[in-house]
Amino acid sequence: MCGIFGVYGVRDAAALTQLGLYSLQHRGQESAGIVAVDDARHARVSRAMGLVSEGFGDEEMDALRGPIAIGHTRYSTAGASAIENAQPILARVRRSHIALAHNGNLTNAVELRRDLEDGGAIFSSTMDSEAIVHRIARAHGATPEARVAEALQGVEGAYCLLIVLDDTVLVARDPHGWRPLVMGRLGDGWVFASETCALDIVGAVYEREVQPGEIIAVDAHGLRSVHALPPAPINRCVFEHVYFARPDSAVFSGSVDRSRRALGRQLARECPAPGADIVFAVPDSSNSAALGFADESGTSYELALIRNHYIGRTFIQPTQAGRDAKVKVKYNPVRELLEGKSVVMVDDSIVRGTTTRGLVSLVRGAGAREVHMRVSSAPIISPCYYGIDTPRREELIAAQMTHDELVRHLGVDSLGYLSIDGMLSAMPEGPDGYCHACFSGKYPTATPSEPELLRAGGGAGLSIGIA
Ligand SMILES: O=P(O)(O)OC[C@H]1O[C@H](OP(=O)(O)OP(=O)(O)O)[C@H](O)[C@@H]1O
Ligand SMILES: NC(=O)CC[C@H](N)C(=O)O
Ligand code: SF4
Ligand SMILES: [Mg+2]
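What counts as what
Position labels on residues start from 1 in each chain and follow its written sequence. Labels follow written order: the first chain is A, the first ligand is 1, and so on. The predicted nature of this model means local features are confined to residues of pLDDT at least 70 and side-chain atom pairs, given and counted, to a pLDDT of 80 or more, with totals for whole chains, interfaces and linings taken over all residues. Excluded from the side-chain calculation are hydrogens and water; included are all heavy atoms of the structure. UniProt positions are given in the numbering used here, feature names are shortened, and annotations may be inferred rather than shown by experiment. A 1.4 Å probe that fits but cannot get out identifies a cavity on a 1 Å grid over protein atoms alone, an open set with protein on both sides within 12 Å along at least five of seven lines counts as a pocket, and a residue lines either if it has an atom within 4 Å of a point. Buried, partly exposed and exposed residues are distinguished by accessible area as a fraction of the type maximum, computed with a 1.4 Å probe on protein chains only: under 20%, between the cut-offs, and over 50%, respectively. By definition in these notes, contact holds between two residues if any of their heavy atoms fall within 4.5 Å. We call two N or O atoms a polar contact when they sit within 3.5 Å, provided that within protein one can donate a hydrogen and the other can accept it, with sequence-adjacent residues counted only if both atoms are side-chain atoms. Helix numbering and strand numbering both begin at the N terminus, where a helix is a DSSP run of H or I of at least 4 residues and a strand a DSSP run of E of at least 2. How far each domain reaches was decided by an automatic or database domain assignment. Here, a salt bridge means any Lys or Arg side-chain nitrogen found within 4 Å of an Asp or Glu carboxyl oxygen. Here the term charged refers only to Asp, Glu, Lys and Arg, the term nonpolar to Ala, Val, Leu, Ile, Met, Phe, Trp, Tyr, Cys and Pro, and the term polar to all other amino acids, Gly among them. At least two bridges found by DSSP between two strands is the condition for calling them paired. The angle between two axes is taken between their N-to-C directions and runs from 0 to 180 degrees, where each axis is a line fitted to C-alpha atoms and a helix contributes only its stretch in contact.

1. Some points on the UniProt feature "binding site: Mg(2+)" (unreviewed entry) in the chain
- With numbering matched to this structure, UniProt assigns "binding site: Mg(2+)" (unreviewed entry) to Ser285, Asp347 and Asp348. Taking the farthest pair of C-alpha atoms as the criterion, the annotated set spanning 64 residues converges on one region, since that pair is 7.7 Å apart. Put simply, the named residues that line the largest pocket are Ser285, Asp347 and Asp348.
- Its relative accessible area of 15% is what places Ser285 among the buried residues.
- The residues touching Ser285, leaving out its near neighbours within four places in the chain, are Val242, Tyr243, Arg260, Arg313, Asp347 and Asp348.
- Of note is the side chain of Ser285, whose polar atom sits 2.5 Å from the side chain of Asp348.
- Within the element layout of this structure, Asp348 appears in the loop between strand S21 (342-347) and helix H13 (354-365).

2. Structural notes on the UniProt feature "binding site: [4Fe-4S] cluster" (unreviewed entry) in the chain
- Under the feature "binding site: [4Fe-4S] cluster" (unreviewed entry), the UniProt entry names Cys237, Cys384, Cys435 and Cys438. Across 202 residues, the annotated set stays spatially compact, with a maximum C-alpha separation of 10.0 Å. Considered against the largest cavity, the annotated residues that line it turn out to be Cys237, Cys384, Cys435 and Cys438.
- Among the structural elements, Cys384 can be located in the loop between strand S22 (370-375) and helix H14 (397-400).
- Ignoring sequence-local partners within four residues, the contact set of Cys384 consists of Arg179 and Thr390.
- Cys435 gets classed as buried once you look at its relative accessible area, which sits at 10%.
- Sequence-distant contacts of Cys435, defined by excluding residues within four places in its chain, comprise Trp178, Asn235, Arg236, Cys237, Val238, Tyr386 and Pro444.

3. Things to note about the domain arrangement of the chain
- Taken domain by domain, the chain holds domain 1 (3-232) and domain 2 (240-444).
- Residue-level contacts link 25 residues of domain 1 with 26 residues of domain 2.
- For the pair domain 1 and domain 2, the number of links is 2 salt bridges.
- A salt bridge links Arg27 to Glu240, with the nearest nitrogen and oxygen atoms 2.9 Å apart.
- Those elements giving two or more residues to the side of domain 1 that touches domain 2 turn out to be strand S6 (96-106), helix H7 (196-202) and strand S11 (205-209).
- With 3 residues, H7 is the single largest residue contributor to the side of domain 1 that touches domain 2.
- By residue class, the composition of the side of domain 1 that touches domain 2 is 6 nonpolar, 12 polar and 7 charged.

4. Brief notes about the environment of Gly6
- Mapped onto the elements, Gly6 comes out in strand S1 (residues 3-8).
- Counting along the chain gives 321 residues from Gly6 to Val327, while the straight-line C-alpha distance between them is 33 Å.
- When near neighbours in sequence (up to four residues on either side) are disregarded, Gly6 contacts Ala69, Ile70, Leu162, Trp190, Val191 and Phe192.

5. A few points about the sheet that holds strand S7 (residues 157-165)
- Here 6 strands make up an open sheet; going across it, the order is S5-S6-S7-S8-S12-S13 and the pairing antiparallel. Two strands bound the open sheet, and with one partner strand each, they are strand S5 (89-93) and strand S13 (222-226). Adjacent strand axes in the sheet meet at a mean angle of 20° when their direction is disregarded.
- When S7 meets strand S8 (residues 168-173), the two strands line up antiparallel, connected through 6 bridges. Residue pairing for S8: Cys160 is matched across the bridge by Arg173.
- Relative to the sheet, helix H5 (residues 130-138) contacts S5, S6 and S7, its axis offset from that of S6 by approximately 140°.

Set out below in structure tokens:
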């Protein structure tokens, strides 16, 4: 689930983009990149593995001149975590350029790539996203938006895209609307971002969501919006509200803080823990849900787990070794608050169980008498193919064990998950129009024909490293 950010028509667009990417760091920690286009229409790119703070020194930022920029923080879902797969992609085409930043995952990427390769295309990455660049290069539409619309016909799955064609910035959101994308105004310019928290950091004024199926073009002639893609049922990702987005953002027009508190309150109603002395969150993503639980149950909310803020997110780490190492150094319990107590530990989700297992023994080691685990989402039982790297079913702990086995495996005194209906009832836009496939196993579209191949890079087979 990557973060994307773009600017049109503001001085030092790259510096603003870097700020925006800081706000979207939680959406991708593997690599970061910026493409900037100057007044002479020269495009320059800077990409690096790691965090935004590690990627752009003064030298890189000085080189990224101009009033147009797009940026990306990557959390890989198709193609390895490697510099050849850092985004934005920048390609030279017919004495101009195409730059592209993608949040989402294309379900027919393997087929798209195969068709293009059969037609002679040479790919330079193993990402699904690159197929769209090739398709834009081949499109013949009379306007930039017509070219993008033509290129996206037949592209299936989830995408929010920021594209630069020459000196036009284009924005596109798939007709199902899985991933969030918003736009704002900054003086006479425009800003586009995955989440509203990134508009806030640059002082942009929120204008509206980019609509599912909408393509927007901004250039010297102004802003144009077209709806040229076949309409489809709306499937906003419920997991954005549960875990992914920041609570200071509004996604799909609804406040994430509000939805998480509502999830926590609903959890307290569905799975109470009578007699518990305190409630605490597994920081940071479940802070608001735990507040909701405490509020509804009348149990006191404590900061019983302290999180090291120099350690990033665990679940989106690409390797198990990385995830194990992170959990170990990320949390420390406050013994004073836990000793002799019956406690409710609230988290927003259990995926592989890495976090919960590690924390239950930590909390017991700090003296907790009883540990009641409460989860502000339903059990995750199926993989996601729309932009979150929820893994193969075999790695999903709730798909592999019965409730009693989970209680024993996690080492808790009790375990309560929110129901799917309860989860959907907490969504700010109401329960309809959400994707819940990873919780229900009900996929709203055809799933990839070869998911392992897609994850590995769409049949590229060989990964070429850049030294
Ligand atoms: O069951 P697991 O496989 O361990 O994955 C689930 C855990 O990971 C997530 O938090 P994460 O640490 O990624 O993000 P955060 O720091 O923003 O809370 C989530 O909130 C759970 O705590
Ligand atoms: N999480 C995402 O949005 C990933 C975008 C794209 N599929 C990639 O792997 O780079
Ligand atoms: S499968 Fe789950 S994580 Fe993926 S888009 Fe649907 S709700 Fe979101
Ligand atoms: Mg978390």
